[in-house]
Amino acid sequence: KDVGRKYLTVTWSFDGSRSTELGVSDVRVVCANTMACHDLDKQSIIKIKTTSNAENRLRLAAEHWAMAQDSSAELKIKAERMLAIPDGKQMLRRICDEVLGYKQDVDASKRANSIAERKRDELYTLYHAKTNSEAVGDNGWAVYNTVTEYFDWFADVKGKDKELTRLRNQFDGAHNNIKQTVADFILQDA
């Protein structure tokens, strides 16, 4: 029941002070705040000035929208493959050990082992949340959702304004590589 969608926004100004702009993002715009988030998250932007080339630019926008829909369909296929992978708890254990490096190490300091254990505990707690494995089952998708939620909302961040840093990390893709690595790791068992 966890649905991800791509959204296309079209913005313009009534007074002509701004070009017509089309943008594709994962953010659904419902107010000025989400519009600002959408602007930060835009994965492709097309600006169209009212010129003789406007029709070609609109055609290009339609092609971009079609590509975004293809990407969304691809994600759905991957999600369905992850849902079919049983024993998510075991998969999460392997990811903690083999991908994230959150395993106990006899050669590591007591502090390093304590930090690794805390991170594992946080991931296991997220995994068992009502919105996660309780909602979708003990499978690969619940593991991927756990890791994504952890890095987007719970992983340690540096700086004075931690919430702003988390928000920036989501929009600049700071954790996209690790999330992709985890997705690939899960899908290798699909």
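Conventions adopted
- Residues numbered from 1 in each chain as written.
- Predicted model: local features only at pLDDT ≥ 70, side-chain atom pairs only at ≥ 80, totals over all residues.
- Heavy atoms only, no water.
- Helix = DSSP H or I, 4+ residues; strand = E, 2+ residues; numbered from the N terminus.
- Buried < 20%, exposed > 50% of the residue type's maximum accessible area, 1.4 Å probe, protein only.
- Contact = heavy atoms within 4.5 Å.
- Pairing = 2+ DSSP bridges.
- Expected span 1.5 Å × (residues − 1).
- Arc of directions from axis to C-beta.
- Patch = residues over 30% accessible without salt bridge, like charges linked within 9 Å, V, L, I, M, F, W, Y side chains within 5 Å.
- Areas by Shrake-Rupley, 256 points an atom, 1.4 Å probe, with all protein chains shown as cover.
- Salt bridge = Lys/Arg side-chain N within 4 Å of Asp/Glu carboxyl O.

Caption draft 1: Main features of the overall build of the chain. Looking only at helices and strands, one finds eight helices and three strands in the chain. Ordering the α and β elements of the chain from the N terminus gives β-β-α-β-α-α-α-α-α-α-α. Here the chain holds 190 residues, and the buried ones make up 35% of them. In the chain, the proportion of contacts linking residues at least 24 apart, taken out of those at least 6 apart, comes to 51%.

Caption draft 2: Molecular detail of the environment of Arg94. By the secondary structure assignment, Arg94 is in helix H3 (residues 88–99). Judged by relative accessible area, Arg94 falls into the partly exposed class, the value being 24%. Residues Arg94 and Phe185, spaced 91 residues apart in sequence, show a C-alpha to C-alpha distance of 9.5 Å. Sequence-distant contacts of Arg94, that is, excluding residues within four places in its chain, are made with Val99, Phe185, Gln188 and Asp189.

Caption draft 3: Spotlight on the pairing of strand E2 (residues 20–25). Within E2, five of the six residues are buried, leaving the element largely enclosed by the surrounding structure. In this sheet, E2 lies alongside strand E1 (residues 7–11) in antiparallel orientation, the contact comprising five bridges. The residue bridging Val10 from the neighbouring strand is Leu22, located in E2.

Caption draft 4: Geometry of helix H4 (residues 110–127). The terminal C-alpha atoms of H4, which comprises 18 residues, lie 26 Å apart, in line with the 26 Å expected from a rise of 1.5 Å per residue. Here H4 has its buried residues at Asn113, Ala116, Lys119, Arg120, Leu123, Leu126 and Tyr127. Projection of H4 onto a plane perpendicular to its axis shows the buried side chains occupying an angular sector of 150 degrees, all on one side. Summarising the geometry of H4, the exposed residues directed more than 90 degrees from the buried face are Lys110, Arg111 and Thr125. Buried positions along H4 lie against H3, helix H5 (133–136) and helix H6 (140–154).

Caption draft 5: Quick look at a nonpolar patch on the surface. On the surface, Leu8, Val10, Trp12 and Phe14 cluster together to form a nonpolar patch covering roughly 480 Å² of accessible area. Here Val10 lies in strand E1. You can call Val10 partly exposed: its relative accessible area is 41%.

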